[in-house]
Amino acid sequence: MPQYEYRVITAPNRGVKAKGIKTPEDRFSHALEEVMNQMAAEGWEYQRAETLPSVERSGLTSSTTSWRNVLVFRKQVAEIASQPQEDAEEAAEETDPIRKEPVIVPPKTPDDDASQSEGATRMLSDNGVEESSDVAGMTNSLKQLAASRNPEKTED
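For every chain, the first residue of its written sequence is number 1, and the numbers climb from 1 along that sequence. Owing to the predicted nature of the model, reporting of local features is limited to residues with pLDDT of at least 70; listing and counting of side-chain atom pairs is limited to 80 or more, with chain, interface and lining totals taken over all residues. Values shown for side chains rest on all heavy atoms present in the structure; no hydrogens or waters enter the calculation.

Caption draft 1: Geometry of the overall build of the protein. Secondary structure elements follow DSSP: runs of H or I no shorter than four residues count as helices, runs of E no shorter than two count as strands, and numbering proceeds from the N terminus. Tallying secondary structure elements over the protein gives four helices and three strands in all. Starting at the N terminus and ending at the C terminus, the protein contains elements arranged as β-α-β-β-α-α-α. Residue burial is assigned from relative accessible area. The probe radius is 1.4 Å, only protein chains are included, and a residue is buried under 20% of its type maximum, exposed over 50%, and partly exposed in between. Among the 156 residues that make up the protein, the fraction classed as buried is 9%. The contact rule is simple, with two residues in contact once any of their heavy atoms fall within 4.5 Å. Looking at the protein alone, contacts between residues at least 24 apart form 53% of all its contacts between residues at least 6 apart. Of the roughly 14,300 Å² of accessible surface on the protein, 51% is carried by carbon and sulfur atoms. Method for areas: the Shrake-Rupley scheme with a 1.4 Å probe, in which residue coverage is limited to the protein chains shown.

Caption draft 2: Inspection of the nonpolar core at higher detail. In this structure, Ile9, Ala11, Met39, Trp44, Leu71 and Phe73 together form the largest nonpolar core, which totals six residues. Other than its neighbours up to four places away in sequence, Met39 contacts Arg7, Ile9, Trp44 and Phe73. We call a set of buried Ala, Val, Leu, Ile, Met, Phe, Trp, Tyr and Cys residues a nonpolar core when their side-chain atoms join them within 4.5 Å.

Caption draft 3: Up close: the sheet that holds strand S3 (residues 62-77). Here we have three strands laid out as an open sheet, ordered S1-S3-S2, and antiparallel in their pairing. A single partner strand is all that each edge strand has here, and the edge strands are strand S1 (3-10) and strand S2 (45-58). Direction aside, neighbouring strands of the sheet carry axes that sit 30° apart on average. Two strands qualify as a pair provided that DSSP identifies no fewer than 2 bridges between them. Note: S2 against S3, 13 bridges, orientation antiparallel. If you follow Ala49 over to S3, its bridge partner there is Leu71. Strands S1, S2 and S3 of the sheet are contacted by helix H1 (residues 24-41), whose axis makes an angle of about 40° with S3. To define axes, lines are fitted to C-alpha atoms, for helices over the stretch in contact only, and angles between the resulting N-to-C directions are given on a 0 to 180 degree scale.

See below:
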């Protein structure tokens, strides 16, 4: 089944002057034709025109709904053949003979094993909850700020 990429652009709302085109209707048609031909030249296929609501801010507290005319185009996306993982790896090896897999060296002694270090042990025992204990070593400026905000509490 083909897959598509879509592009939505605003439809022209004014005509474009051109040689030999005199009426407003013809100028508008010409502007629309120019946009559609430009998109077709880029490989986009015209699908439809839509009129859609757009809620926009109006002043400080209110909003209004404006109706926007848009043109919808689509382009077929190049299909990527789905290969099994093994075939993809074989193809990568054939195209890139220099590519090497990383070598994983197991630790020789328990002291070399980083997963047994003090920091790793502390991290594994952490339950992810922030500690709610009292803060130790508050600076004088923080103590003064706390006292000014909460005059009922006294310093220890």
